[in-house]
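Breakdown of the fold
Here are the chains, one letter per residue:
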Amino acid sequence: MSNTDRSKQSIVILTGAGISKESGLDTFRDADGIWSKVRLEDVATPEGFERNPRMVQDFYNSRRHQLAESDILPNAGHEALARLEKEWPGDVLIVTQNIDNLHERAGSRNVLHMHGELLKVRCGRCSNQFQWVTDLHVEEACPACGETDGMRPHVVWFGEMPLEMDRIYATLERCALFMSIGTSGNVYPAAGFVSHVRQCADAHTIELNLEPSEGATFFAQALYGPATEVVPTYVEKILDAGW
Ligand code: BV8
C-alpha cells in the first residue's frame, strides 16, 4: 500500500478499561472490577448523584487520587497507539470510553473522551469546565458563577448523552480501519460502533482484547491477549504491511 493510499486511509480506535488494566487501573466488569465493589446505580447515574452526592464525589475523588499516583503510567498498549498516530500518514482518532489520561501521557494527541475525563469537573449551573486534580467537595463553589450546588465530575453517567457523538459517527462512517481495544462491548452506544462501521463504511474491523467481547462476532478479525502484547504487535504489522 503506497504512502499516498495510506494518507487517504483513516483509522478509528475505540478503547475501554482493558487497555489501562496493565497500568494498574481496574476494569469495570472483570471479577475484581469496579462494579464488583460498588453499585453503578449509586455512583454512575444522575439519580445516584441526586440521592447521595457525597458518595459519588468520594468515588471519583478516590479514582482521581489513584490516577495521580506516581506508579500509574501509560503502558506499551497506549504507547503503540501513540506511535501509530505519529507514523500512520492518514488520520488516527482514539475514541476512548476511559476517563483516565494515559493515552495523552503516552503521546497521543487526537483523543476523544466520549465518557468524559476524571481530571475535569464542570458546573451544572453555568456549564463551565475546569481542570481538577484534587478532591471535589459537595459544597464546592463554582470558580466561574460562584454557585455552590452544581459542581460535578465531568463524566458521562448512565442515562446521559455521551460526548461528541456526531463527530464520532462521522469519523466511523469514513474510516478504513476500526480497532476496538480492551472493552467488553456491554455499554452503548460505544458497543454499537462496530455495527455502524459495518453498515456505513468500507472498513476492516478488528477486536484486540483479553477475551472475546459481547460483540466479538461483529468483527472481521480478532487478536486475543493482554493489550501490552497484542496492540504493539498489531501496530507493527499494519505500519509494515497494512491490514
Ligand atoms: C446513553 C462513567 C443515550 C465514567 C460509564 C436505561 C436507561 C438509560 C440508558 C440505558 C438503559 N439501558 C441501557 C442503556 C444504555 C446504557 C448502557 O449501555 N447500559 C448498559 C449497562 C446496558 N448507556 C448509557 O446510558 C449511555 N448513554 O445511552 O445515552 C444515547 C444513545 C445513543 C446515542 C446517544 C445517546 C452512557 C454510557 C456511559 C456510562 N458511563 N462510566 C466512569 O465512571 O468511568 S460506563 C463504564 O463502562 C465506563 O465508561 C467504561 O469505559 C464503560 C465500558 O466498560 P469497558 O471499558 O468495556 O470495561 P469492562 O470492564 O466492561 O471491560 C473491560 C474489557 O477489557 C474486558 O473485555 C476484559 O476482558 C478486557 N481486559 C481486561 N484486562 C485486559 C483486557 N484487555 C486487554 N488487555 C488486558 N490486560
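Below or above, wherever it landed, is the structure these notes cover. (Residues numbered from 1 in each chain as written. Predicted model: local features only at pLDDT ≥ 70, side-chain atom pairs only at ≥ 80, totals over all residues. Heavy atoms only, no water.)

**Quick word on the layout of surface pockets**
When its volume is computed, the second largest pocket comes out at roughly 190 Å³. Lining the second largest pocket we find 13 residues, and of these Phe49, Glu50, Pro53, Asp149 and Met151 sit closest to its centre. For the lining of the second largest pocket, the elements supplying multiple residues, two or more each, are helix H4 (46-51), helix H5 (53-68) and strand S6 (151-155). No other element matches the three residues that H4 contributes to the lining of the second largest pocket. The residue inventory of the lining of the second largest pocket, partitioned by class, reads six nonpolar, three polar and four charged. (1 Å grid on protein atoms, 1.4 Å probe; cavity = no way out; pocket = protein on both sides within 12 Å on 5 of 7 lines; lining within 4 Å. Points joined across faces, edges and corners; volume = space filled by probe spheres on them. Helix = DSSP H or I, 4+ residues; strand = E, 2+ residues; numbered from the N terminus. Nonpolar A, V, L, I, M, F, W, Y, C, P; charged D, E, K, R; others polar.)

**Re the packing of helix H6 (residues 76-87) against helix H10 (residues 227-241)**
Contact pair H6 / H10: the axes reach a minimum separation of 7 Å and the direction vectors enclose 15°. As judged from the angle between their axes, H6 and H10 are roughly parallel. In this structure, H6 crosses over H10, and the sense of that crossing is left-handed. Residue-level contacts link Ala76, Gly77, Ala80, Leu81, Arg83, Leu84 and Glu87 of H6 to Ala227, Thr228, Val231, Pro232, Val235, Glu236, Ile238 and Leu239 of H10. A per-class count over the contact of H6 with H10 returns 10 nonpolar, two polar and three charged. (Axes fitted to C-alpha atoms, helices over the stretch in contact; angles between N-to-C directions. Parallel < 35°, antiparallel > 145°, perpendicular 65-115°, else oblique. Left-handed = near helix turned anticlockwise from the far one by under 90°. Contact = heavy atoms within 4.5 Å.)

**So, the site of the ligand**
In the vicinity of the ligand lie 35 residues, with Phe28, Arg29, Gly159, Thr183 and Ser184 positioned nearest. Here an oxygen atom of the ligand sits 2.6 Å away from a polar atom, N or O, in the side chain of Ser184. The fraction of the free accessible surface of the ligand (1500 Å²) that becomes covered by protein chains is 78%. Elements with a contribution of two residues or more to the shell around the ligand: helix H2 (18-21) and H5. (Near = heavy atom within 4 Å. Polar contact = N/O pair within 3.5 Å; in protein donor to acceptor, adjacent residues only side chain to side chain. Areas by Shrake-Rupley, 256 points an atom, 1.4 Å probe, with all protein chains shown as cover.)

**Details of the sheet that holds S6**
Ordered in space as S5-S4-S6, the three strands form an open sheet in which the pairing is antiparallel. Each edge of the open sheet carries a strand with a single partner, namely strand S5 (129-131) and S6. Across the sheet, the mean angle separating the axes of adjacent strands is 40° when strand polarity is ignored. The sheet contact formed by strand S4 (residues 116-123) and S6 spans four bridges and is antiparallel. Bridging across to S6, Gly116 finds its partner in Val155. Sheet strands in contact with H5 are S4 and S6, and its direction is about 135° off that of S4. (Pairing = 2+ DSSP bridges.)

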